[in-house]
Amino acid sequence: MTEMPRKPLPEPSGESRPYWEGLAAGRLMLQRCAACGRIRHYPRPLCDACHSFETGWVAASGEASVQSWTVAHHPYHPAFRGELPYTLVTADLPEGVRLVAQLRDAGPEALRLGAPLRIGIEENGEGQALPVLRLAGG
Amino acid sequence: MSLSGQAAVTGIGETDYRRDAGGRSVLRLQLEASLAAIADAGLAPREIDGIVLPMGTGGTVAEDFVTNLGIPDLRLSTTTPLGGAGAVAAVQCAVAAVAAGLCRHVLLPLGRTGRTGSRIGARIHQMPQFRTVGEFEAPVGALAPAQYYAPMARRHMELYGTTSRQLAEIAVTTRRHAILNGNASMTGPMTIEDHQASRLIADPLRLLDCSLESDGAAAVVVSAAEIARDAPRPRVLVTGVAEGHPDSPSAITQRPDLTRLGLAKAAPRAFAMAGVTPADIQVAEIYDCFTYIVLCQIEDLGFCAKGEGGAFVEGGALGLGGRLPVNTHGGLLSQSHMAGMNHVVELVRQLRGEAGAAQVEGASLGLVTGYGDLGDGTVAIMARG
Ligand SMILES: [Zn+2]
């Protein structure tokens, strides 16, 4: 086998397709309940606050801050082997939800709880747009 | 009706954990452990009338046990697919079943070929519990339990000053217990320096913070308490049992408090049911897929306050003769990864006084926990009586 292993790709559902289409168009989109306004993530059918299925989408502000992180060292998937080690940051969004994305342009030693971040979007080398995070104002 | 004291664990059985399955199937391994547990309970296989399978993904079904054991009248068949919380969830289910009079003797078999079969990183993404993280986190490179759990450990460290050397204390003590056990995969001694020199897997978790991939099986029989008076071994009653699910159970990322597991909800219920407090517990078998998960559960069980787990585990506190002997069999870290059924077996062994070189002197009250998937928690409190 000389074929390179492929990275895991999302299999969008009806609820999550706008999220993935948003990333492909360069925007991080979040589900917003059309009835009560609550923003939820990850995408899912029902608002757990008011139980409405009616859903709209809003663009995230692009701001975030550090909730936690890990540095991946072990090759759990062959397609990520060449990127090791990489830092995965769990980030708080001011919209009240979180995301996980790889850290760019800095190492884990620069991270502190609460440190401000900016959300970016990047193509993963295989045609999939994904969020990334950078330290803000650095 | 309280479930306290309504059921007893009457039989325990395990395969050899010292080597791989040698081509034996998962079902074969489970049958070996089941026969051992049924015999230990002083029963004939035909007397089993309930089966709870603790993992949804083991590939075996109750029908396999009916067919192979020759069970003529199975009255309950169910599963508890809570990953590593499933073994103790199965105990809860079995206790409820015998207390309600549905069954007399419930078999709980768990077995796997984690070493010679598929690896965890591939396995979990076939499980529906991991569907959400599979869609939204795997694409960015968060692929395996170590990577999902490591941010919980990192936040605990940043908030409370918990250190990797404190996690090492857990790994080192657990290895010492495995060596005493005699039926453990890992038999070489480990030092804190060995732990610190082991390679990083998902920072802050190192190789020696991670549990084993194992072949084998463990099984127990849960019987109605009154019938259990006639069992050949000392009676071990389940006096408290509970299950708890964390906030945001499908994605740790979205959990309001990353340092709080489902066990934090279950533990007060189990202690109240048993009428005891953490200070009364003489031995604890705590689910140890990763060292940090042990530390976090010690806090969520109430043995110390949130944030004090690092200090709690220092200085050999979890060893025999320490303030809280933990994982006296060597756990998932060093005995075998039987998804916590080996923890149930070991607690019963301790409370019978059959734990050999690892016996906690005079132990008559203990607990066993489970931790599964993305934070599900279970706990059973047991007492000799
Ligand atoms: Zn709503």
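Thresholds applied
- Residues numbered from 1 in each chain as written.
- Chains lettered and ligands numbered in written order.
- Predicted model: local features only at pLDDT ≥ 70, side-chain atom pairs only at ≥ 80, totals over all residues.
- Heavy atoms only, no water.
- Helix = DSSP H or I, 4+ residues; strand = E, 2+ residues; numbered from the N terminus.
- Buried < 20%, exposed > 50% of the residue type's maximum accessible area, 1.4 Å probe, protein only.
- Contact = heavy atoms within 4.5 Å.
- Rg over C-alpha atoms; globule rule 2.2 N^0.38 Å.
- Areas by Shrake-Rupley, 256 points an atom, 1.4 Å probe, with all protein chains shown as cover.
- Lys, Arg positive; Asp, Glu negative; His and termini not counted.
- Charge placed at Lys NZ, Arg CZ, Asp CG, Glu CD.
- Donors = N, O, S within 2.8 Å, 3.2 Å for Na, K, Ca; no water.
- Tetrahedral: all angles 85-135°; square planar, octahedral: opposite > 155°, others 65-115°.
- Salt bridge = Lys/Arg side-chain N within 4 Å of Asp/Glu carboxyl O.
- Phe/Tyr/Trp six-rings, centres within 6.5 Å; stacked < 30°, edge-to-face > 60°.
- pLDDT = per-residue confidence, 0-100.
- Domains from an automatic or database assignment.
- Buried area = accessible area lost by both parts, 1.4 Å probe.
- Polar contact = N/O pair within 3.5 Å; in protein donor to acceptor, adjacent residues only side chain to side chain.
- Expected span 1.5 Å × (residues − 1).
- Pairing = 2+ DSSP bridges.

- Chain B is annotated in an unreviewed UniProt entry as Transporter of Roseicella frigidaeris.

A closer look at the overall build of chain A
Link 1 in the chain: For chain A, the helix and strand inventory stands at one helix and eight strands.
Link 2 in the chain: For chain A, the α and β elements follow one another from N to C terminus as α-β-β-β-β-β-β-β-β.
Link 3 in the chain: By its C-alpha atoms, chain A is 50 × 40 × 25 Å across when sized along the principal axes.
Link 4 in the chain: Within chain A, buried positions represent 42% of all 138 residues.
Link 5 in the chain: Here the contacts in chain A between residues at least 6 apart in sequence split such that 52% fall between residues at least 24 apart.

What about the overall build of chain B?
Link 1 in the chain: When helices and strands are counted, chain B shows 14 helices and eleven strands.
Link 2 in the chain: Its C-alpha radius of gyration of 19 Å places chain B within 12% of the 21 Å reference for a compact globule of 385 residues.
Link 3 in the chain: C-alpha atoms of chain B, sized along the principal axes, occupy 55 × 45 × 40 Å.
Link 4 in the chain: Scored against the burial criterion, the 385 residues of chain B give a buried share of 64%.
Link 5 in the chain: Considering only contacts within chain B whose residues lie at least 6 apart along the sequence, 76% involve residues at least 24 apart.
Link 6 in the chain: Here chain B displays about 12500 Å² of accessible surface, and carbon together with sulfur accounts for 50% of that area.
Link 7 in the chain: The averaged location of the 37 negative side-chain charges in chain B is 2 Å from the averaged location of its 31 positive side-chain charges.

Regarding the coordination of the zinc ion
Residues and elements named next belong to chain A.
Link 1 in the chain: Protein ligation of the zinc ion involves Cys33 (SG), Cys36 (SG), Cys47 (SG) and Cys50 (SG), the donor distances falling in the range 2.3 to 2.4 Å.
Link 2 in the chain: With four donor atoms in place around the zinc ion and angles of 99 to 116° between them, the coordination shape is tetrahedral.
Link 3 in the chain: Mapped onto the polypeptide sequence, the residues donating to the zinc ion form the spacing pattern C-x2-C-x10-C-x2-C. Remark: Cys47 occurs in the loop between strand S2 (39–40) and strand S3 (55–59) and Cys33 occurs in strand S1 (residues 29–33); sequence separation between them is 14 residues.
Link 4 in the chain: Note on Cys47: relative accessible area 1%, which makes it buried.

Focus: the pattern of salt bridges
Residue and element names in this part refer to chain B.
Link 1 in the chain: In this structure the tally under the stated criterion is 23 salt bridges over all chains.
Link 2 in the chain: Across the pair Arg349 and Glu14 runs a salt bridge whose closest N-O atoms are separated by 3.0 Å. In this pair, Arg349 sits in helix H14 (residues 341–352) while Glu14 sits in strand S1 (residues 7–14), placing the two residues 335 residues apart along the sequence.
Link 3 in the chain: Residue Arg349 is classed as partly exposed on the basis of its relative accessible area of 21%.
Link 4 in the chain: Since its relative accessible area comes to 18%, Glu14 is described here as buried.
Link 5 in the chain: A salt bridge links Arg352 to Asp40; its shortest N-O distance comes to 2.8 Å. On the criterion of sequence distance, the pair formed by Arg352 in helix H14 and Asp40 in helix H1 (residues 26–40) is long-range, its members being 312 residues apart.
Link 6 in the chain: One salt-bridge network, held together by shared partners, links Asp40, Arg233, Arg352 and Glu354.

Describing the packing of aromatic side chains
Link 1 in the chain: Overall, the coordinates contain eight aromatic pairs over all chains when judged by the stated rule.
Link 2 in the chain: Judged by centre distance (4.8 Å) and plane angle (5°), the ring pair of A:Tyr42 and B:Phe136 falls under stacked. You can see A:Tyr42 sitting in the loop between S2 and S3 and its partner B:Phe136 sitting in helix H5 (residues 131–136), one on each of two chains. Pair check on accessibility: A:Tyr42 and B:Phe136 agree, each one buried.

Brief notes about the confidence of the model for chain B
In regions of low pLDDT, the predicted coordinates are not meant to be interpreted in detail.
Link 1 in the chain: Put simply, chain B has an average pLDDT of 96, and 99% of its residues get 70 or more.
Link 2 in the chain: Here the complex is predicted with pTM 0.97, and the ipTM for its interfaces comes to 0.97.

Let's talk about the domain arrangement of chain A
Residue and element names in this part refer to chain A.
Link 1 in the chain: Each assigned domain of chain A is listed here: domain 1 (12–59) and domain 2 (61–138).
Link 2 in the chain: The straight-line distance from the C-alpha centre of domain 1 to that of domain 2 is 21 Å.
Link 3 in the chain: Across the contact, 13 residues belong to domain 1 and 13 residues belong to domain 2.
Link 4 in the chain: Of the roughly 880 Å² buried where domain 1 meets domain 2, counting both sides, 75% is carbon and sulfur surface.
Link 5 in the chain: Joining domain 1 to domain 2, the criterion identifies zero salt bridges.
Link 6 in the chain: For the pair domain 1 and domain 2, the number of links is zero residue pairs in polar contact (both at pLDDT 80 or more).
Link 7 in the chain: Listed by contribution, the elements that provide at least two residues to the side of domain 1 that touches domain 2 are helix H1 (17–24) and S2.
Link 8 in the chain: Looking at the side of domain 1 that touches domain 2, the element that brings in the most residues is H1, giving four residues.

Describing helix H10 (residues 263–274) of chain B
Residue and element names in this part refer to chain B.
Link 1 in the chain: Here H10 contains twelve residues, and its C-alpha end-to-end distance of 16 Å stays within 8% of the 16 Å for a straight helix at 1.5 Å per residue.
Link 2 in the chain: The elements touched by buried residues of H10 are strand S8 (236–244), helix H11 (291–300), strand S10 (365–372) and strand S11 (376–384).
Link 3 in the chain: With its phi angle positive at about 70°, Gly275 sits one or two positions after the end of H10.

A short note on the environment of B:Leu347
Residue and element names in this part refer to chain B.
Link 1 in the chain: When you line up the elements, Leu347 lands in helix H14.
Link 2 in the chain: Among the residues examined, Leu347 registers a relative accessible area of 0% and is labelled buried.
Link 3 in the chain: Put simply, Leu347 and Ser364 are 17 residues apart on the chain and 9.9 Å apart in space, counted from C-alpha to C-alpha.

Observations regarding the interface of chain B and chain A
Link 1 in the chain: The partner chain A presents 35 residues to the 31 residues of chain B that form the contact.
Link 2 in the chain: Here chain B and chain A share zero salt bridges between them.
Link 3 in the chain: For the pair chain B and chain A, the interface holds 17 residue pairs in polar contact (both at pLDDT 80 or more).
Link 4 in the chain: Where the side of chain B that touches chain A is concerned, the elements lending two or more residues are H5, helix H6 (145–160) and strand S5 (200–203) of chain B.
Link 5 in the chain: Two strands pair when backbone bridges link them, and strand S4 (residues 63–72) of chain A and S5(B) are joined in this way by two bridges, in the antiparallel orientation. The residue of S5(B) that forms the bridge with A:Ala72 is B:Ala202.

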